[in-house]
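# Descriptive analysis of the structure
Here's the letter readout for the chains.
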Amino acid sequence: MLPDQNEQTLAHAAIIAGIGVHTGVPVRMVVRSAPAGAGVVFVRSDITDRDNRVPALAHNVTKTTLGTVITNAAGVSVSTIEHVMAAFAALSIDNVIVELDGPEVPIMDGSALPFVQLLDQAGFRRQAVPQQVIEILAPVEVIEGDKRAALLPADQFEVRFEIDFPGTPIGHQVVDLAITEQSFRDELSAARTFGFLEGVEALRKAGLARGGSLDNAIVIDGDVILNEGGLRFADEFVRHKALDAIGDLYVLGMPILGRFEGIRAGHGLNNALVRALLSRPDAYRIVTRGAALADVG
């Protein structure tokens, strides 16, 4: 049985600024508390002529090419939400408003660590509503060629990810972790996104990676890692893929009680898995974590 736990929001607002990795556009982001039951909602403060609120939910995911994009019915979108969503998921932030004055979450250093630090700065406050958790009851998987993503029953949230880039410094890597706030902080949060130098020009021609640099991504050129100081973990690449998956899964709108397994999966397959789960009411149930208590803090 899960221990009782109420929903959680932030104690104070906090601000961070940077550039979008794909748009290259400077953006200021303010995270604020939200009422119980609100979920994670992004707000485009630079748009005032239509609905500028975009809930971070599965049905709003519209693009998954090298990042997760959400769009509301008014056509307002927010790009590259996965790293900050991973921080919300791991630090058990149920309800938050994320205000942006641009189209994309700032990439910062390419990891979730700056967002973890931002949330620590804001502080945390428990709310008067019990937290709900989505419990996986039966295996659900999606397969695309040699790529696979699956959710399986487990008595805690676990993530296993496997990647294989033969002939590169990445090679074959596997990470398998029980995801707690502490394990995320210690093992995953600082792992950065990565890419290959040879593909940068093509990405930019496609309108992507315009803000990418050695300051916000690991860049590989042949068999060389170009970043000064090298890697933060020997297997930083697969750790970042696990981080991405945690953020992509949080568009379910609540924590997961179950095991995620990914093999060469990306944002598209992660979202396909979320949608496959939601189409299978027999494969999950919503569990409420205890009785409502008064707001704390």
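This text goes with the structure placed above it.
Residues numbered from 1 in each chain as written. Predicted model: local features only at pLDDT ≥ 70, side-chain atom pairs only at ≥ 80, totals over all residues. Heavy atoms only, no water.

## Focus on the overall build of the chain
Applied cut-off: Helix and strand assignments come from DSSP, with helices taken as H or I runs of at least 4 residues and strands as E runs of at least 2, each series counted from the N terminus. Every radius of gyration here is taken over C-alpha atoms, with the globule rule written as 2.2 Å times N^0.38, N being the number of residues. Burial classes follow relative accessibility: with a 1.4 Å probe on protein chains only, a residue under 20% of its type's maximum area counts as buried, one over 50% as exposed, and anything between as partly exposed. Pairs of residues are marked as contacts when any of their non-hydrogen atoms sit within 4.5 Å. Accessibility throughout is a Shrake-Rupley quantity obtained with a 1.4 Å probe, and a residue counts as covered only by protein chains that appear here. Positive charges are assigned to Lys and Arg, negative charges to Asp and Glu, while His and the chain termini are left out of the count. Every charge is mapped to an atom, namely NZ of Lys, CZ of Arg, CG of Asp or CD of Glu.
Secondary structure assignment for the chain yields six helices and 21 strands. A compact globule built from 297 residues should have a C-alpha radius of gyration of about 19 Å, and the chain, at 18 Å, falls within 12% of that. Taken along the three principal axes of its C-alpha coordinates, the chain extends 55 × 45 × 35 Å. Sorting the 297 residues of the chain into buried and exposed places 53% on the buried side. Partitioning the contacts of the chain with sequence separation of at least 6, the portion at a separation of at least 24 is 75%. Surface accessibility of the chain: about 12,600 Å² in total, with carbon and sulfur atoms responsible for 52%. Counting 25 positive and 37 negative side-chain charges, the chain places the averaged centre of each group 4 Å from the other.

## Considerations on the sheet that holds strand S8 (residues 77-78)
Let me state the cut-off plainly: In this scheme, strands are said to pair when DSSP sees at least two bridges between them.
Across the sheet, which stays open at both edges, the three strands sit in the order S6-S7-S8 with antiparallel pairing between neighbours. At either end of the open sheet lies a strand with only one pairing partner, and these are strand S6 (61-63) and S8. For strand S7 (residues 69-71) and S8, the ladder comprises two bridges, and the chain directions are antiparallel. Bridge pairing in S8 places Ile70 opposite Val78.

## Overview of unusual backbone geometry
Its identity is not glycine, yet Met108 carries a phi of approximately 55°, on the positive side. For Met108, the location among the structural elements is in the loop between strand S9 (96-100) and helix H2 (113-122).

## Remarks on the environment of Ala87
As for its position among the elements, Ala87 is in helix H1 (residues 82-90). With relative accessibility at 0%, the residue Ala87 sits in the buried group. Residues contacting Ala87, with those up to four places away along its chain left out, are Ala112, Phe115, Val116, Leu119 and Phe184.

## Observations regarding the environment of Ala178
Along the polypeptide, Ala178 turns up in strand S15 (residues 171-178). Overall, the relative accessible area of 31% leaves Ala178 in the partly exposed class. A sequence separation of eleven residues divides Ala178 from Gly167, and the C-alpha atoms of the two residues are 30 Å apart. Apart from residues no more than four positions distant in its own chain, Ala178 is found in contact with Gln156, Phe157, Glu158 and Ser183.

## Re the pairing of strand S13 (residues 147-152)
Bridge count for strand S12 (residues 140-144) against S13 is five bridges, and the pairing is antiparallel. When the sheet's bridge partners are listed, Glu141 is paired in S13 with Ala150.

## Notes on the sheet that holds strand S11 (residues 132-136)
If you trace the three strands from one edge of the open sheet to the other, you get S19-S11-S21, paired in mixed fashion. With partners counted over all chains shown, the strands left at the sheet margins are strand S19 (256-257) and strand S21 (284-288), one partner each. Direction of pairing for S11 relative to S19: parallel, over a ladder of two bridges. Its bridge partner being in S19, Glu135 is matched across the sheet by Leu257.

## Some words on the packing of aromatic side chains
Condition: A pair of Phe, Tyr and Trp rings is counted when the ring centres sit within 6.5 Å of each other, with Trp represented by its six-membered ring. The angle between the planes then sorts it: under 30 degrees is stacked, over 60 is edge-to-face, the rest tilted.
Under the counting rule described, the total for this entry stands at four aromatic pairs. With a centroid separation of 5.8 Å and an interplanar angle of 40°, the aromatic rings of Phe165 and Phe196 are classed as tilted. In this pair, Phe165 sits in strand S14 (residues 158-165) while Phe196 sits in strand S16 (residues 194-196), placing the two residues 31 residues apart along the sequence. Overall, the relative accessible area of 26% leaves Phe165 in the partly exposed class. The class of Phe196 is partly exposed, set by a relative accessible area of 24%. Ring centres of Phe194 and Phe237 lie 5.0 Å apart, and the angle between their planes is 90°; this geometry places the pair in the edge-to-face category. Pair noted here: Phe194 is in strand S16 and Phe237 is in helix H5 (residues 236-249), with a separation of 43 residues, a long-range link. The pair formed by Phe194 and Phe237 is uniform in burial state, with each residue classed as buried.

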